[in-house]
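Geometric and topological summary
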Amino acid sequence: MDLDYSIGATSSIGARMGALAGATGSTSTAVSRCLFNGAYTAAPGLSQLAANHASVLLSGAGSAKAVLDSYQQQVDWLHSSLRANVSAISGQDDCMAHAMERNNASPVQQCTVDPATFPMRPEEHYDNFMFTPPLVNGIAPLKPVLAAFEATNTAMVDNAAAQWNNAADAIDKIAGELDGLAKEIVDVNTGVPFDAASARIAETAQTGHNFAANARTMAASVSKLNEIKDWAVSALQRIDKTVSTVPDTLARSTLEAEFMAKFMNMDLPAAIQQGVPPITNLMQAPPPPPAQETTANIGMTQTATAGLPLDGGEHRRFPFQRRHRRQRGEKCCGWRERHRRWCWTQRNRRGGRTRRLGQRAYPHGSGTPHAQPRQSRSHNRWAWHRNARRH
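The following refers to the structure shown. Please read all numbers here as calculations on a predicted model, not as lab measurements.

This brings us to the overall build of the protein chain. Scanning the protein chain from N- to C-terminus turns up 10 helices and 2 strands. The secondary structure elements of the protein chain, listed N-terminal to C-terminal, are α-α-α-α-α-α-α-α-α-β-β-α. Contacts in the protein chain between residues at least 24 apart in sequence constitute 80% of all its contacts with a sequence separation of at least 6. Counting every atom, the protein chain has about 22800 Å² of accessible surface; 52% of that belongs to carbon and sulfur.

Now the structure itself:
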């Protein structure tokens with residue numbers, strides 16, 4: 001096995017890798033200081049969603065704190081292994097140099113080298129995290145639900161999203177420096193041990209890039225909590241405004257119960273689902289983005305709250321009122337079709353009566369209205385007599 005190495009350059013690489021291990025530990029410590037939990041709100045569904053996000057960030061198997069601690073151990077192991085390699089190679093060099101100075105014919109037998117101790121690689125703990133989607137159902141009074149959403153502390157959500165982004169930036173930077181060290185170690189050294197070390201470093205760097213991408217995904221997912229809160233407050237305020245216009249107490253209570261049943265059992269669960277992250281592991285490669293949007297937006301965008309418009313417009317009808325067929329999604333004829341029907345009706349008037357669209361228009365089987373000669377009043381004697389009586 002041929003070796004071509006530089007002890008000084010490899011020692012410098014090992015020292016920088018030790019600094020990266022320390023930076024990884026600092027990132028893990030910063031994550032553990034984030035103050036975020038499900039107690040930041042009492043809103044139904046939103047508090048359970050926040051508790052799940054806090055668990056993914058701070059505690060539990062597969063959380064950011066757990067995987068970053070394991071990642072620090074991997075980087076520290078790379079640093080220790082490279083330092084052991086450097087120590088073994090430098091020991092061999094010192095032995096050979098000492099033997100050559102003595103001009104000994106059998107330098108290996110006369111020189112004793114202390115065996116290098118290579119550390120055992122720690123086990124990777126990159127587990128999947130648990131995220132239980134909240135279950136929201138039942139009927140709740142309008143005023144308490146609205147007050148709970150309005151009292152939500154949005155600053156804690158912003159802090160959690162910023163913590164995810166900071167961790168992503170820090171680990172992405174560390175992984176980029178590891179990529180540079182993996183290339184540098186094979187540039188200054190040649191041999192199987194250095195090729196294996198470079199492959200291990202590149203593998204660890206790719207894991208860091210995976211975490212950075214997934215951390216940004218989690219930041220976007222936790223930011224949805226504030227979007228859900230804003231949507232819910234707006235929807236509940238519109239319900240309150242609509243219900244307050246009903247003068248009768250019983251009718252107002254019935255309408256409020258109908259609105260809140262739809263909000264709690266249909267609209268809010270659909271909106272809560274948008275806060276569930278699309279990943280289950282922080283260290284695996286993120287799934288590729290979909291080629292095209294295959295699912296319709298639900299909850300906060302297209303789902304109206306009990307017939308209320310979500311664009312801030314005024315409520316102009318009750319849910320039980322029939323909508324226009326274009327609002328129902330049915331095809332509406334254009335002006336050409338309406339003009340054709342009007343002309344067809346005018347050409348088939350008989351004695352002051354208008355023939356309906358589904359009746360037989362041409363008894364003799366002609367194909368077009370123009371093929372049938374227009375009948376005069378004398379041809380329809382009964383119509384002539386009836387019109388005469390009218391005048």
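There's more to say after this.
Below, the discussion takes up helix H6 (residues 154-188). A rise of 1.5 Å per residue sets the reference length of H6, with its 35 residues, at 51 Å; its end C-alpha atoms lie 52 Å apart and thus fit the reference within 8%. The opening residue of H6 is Asn153, an N-cap whose side-chain oxygen sits 3.3 Å from the backbone nitrogen of Ala155.

If you look at the biggest cluster of nonpolar residues, it comprises 79 residues, and the most contacted ones within it are Phe36, Trp164, Leu178, Phe211 and Phe263. Contributing elements (two or more residues each) for this core: helix H1 (7-32), helix H2 (46-58), helix H3 (64-102), helix H5 (142-150), H6, helix H7 (192-244) and helix H8 (249-272). Of the residues forming this core, the biggest block, 19 residues, is contributed by H7. For Phe211, the contacting residues outside a window of four places in its chain are Ala64, Val67, Leu68, Ala167, Ile171, Leu282 and Met283.

It is worth spelling out the pattern of salt bridges at this point. What the rule picks out here adds up to 10 salt bridges. The salt bridge involving Asp169 is made with Arg216; its shortest N-O contact spans 3.1 Å. Of the two residues, Asp169 is situated in helix H6 and Arg216 in helix H7; the sequence distance between them amounts to 47 residues. Note that Glu227 is salt-bridged to Lys224, the shortest N-O span being 3.6 Å. Here Glu227 pairs with Lys224, and both are found in helix H7, just 3 residues apart, close to one helical turn. On the basis of relative accessibility, which here comes to 40%, the residue Glu227 falls in the partly exposed class. Residues joined in a network through salt bridges with shared partners are Asp169, Asp172 and Arg216.

Bringing H5 into the picture now. Within H5, the full set of buried residues consists of Leu142, Val145, Leu146, Ala148 and Phe149. Viewed along the axis of H5, the buried residues span an arc of 160°, placing them on a single side of the element. Looking at the buried residues of H5, the elements they touch are H2, H7 and H8.

The interhelical angle for the contact between H5 and H8, taken along N-to-C directions, is 45°, at an axis separation of 10 Å. On the basis of the axis angle, H5 is oblique to H8. Across the interface between the two elements, Leu142, Val145 and Phe149 from H5 touch Glu256, Met260, Phe263 and Leu268 from H8. Across the contact of H5 with H8, the residue classes tally to 6 nonpolar, no polar and 1 charged.

Quick notes on the rules
- Residues numbered from 1 in each chain as written.
- Predicted model: local features only at pLDDT ≥ 70, side-chain atom pairs only at ≥ 80, totals over all residues.
- Heavy atoms only, no water.
- Helix = DSSP H or I, 4+ residues; strand = E, 2+ residues; numbered from the N terminus.
- Contact = heavy atoms within 4.5 Å.
- Areas by Shrake-Rupley, 256 points an atom, 1.4 Å probe, with all protein chains shown as cover.
- Expected span 1.5 Å × (residues − 1).
- Polar contact = N/O pair within 3.5 Å; in protein donor to acceptor, adjacent residues only side chain to side chain.
- Core = buried A, V, L, I, M, F, W, Y, C linked by side-chain atoms within 4.5 Å.
- Buried < 20%, exposed > 50% of the residue type's maximum accessible area, 1.4 Å probe, protein only.
- Salt bridge = Lys/Arg side-chain N within 4 Å of Asp/Glu carboxyl O.
- Arc of directions from axis to C-beta.
- Axes fitted to C-alpha atoms, helices over the stretch in contact; angles between N-to-C directions.
- Parallel < 35°, antiparallel > 145°, perpendicular 65-115°, else oblique.
- Nonpolar A, V, L, I, M, F, W, Y, C, P; charged D, E, K, R; others polar.

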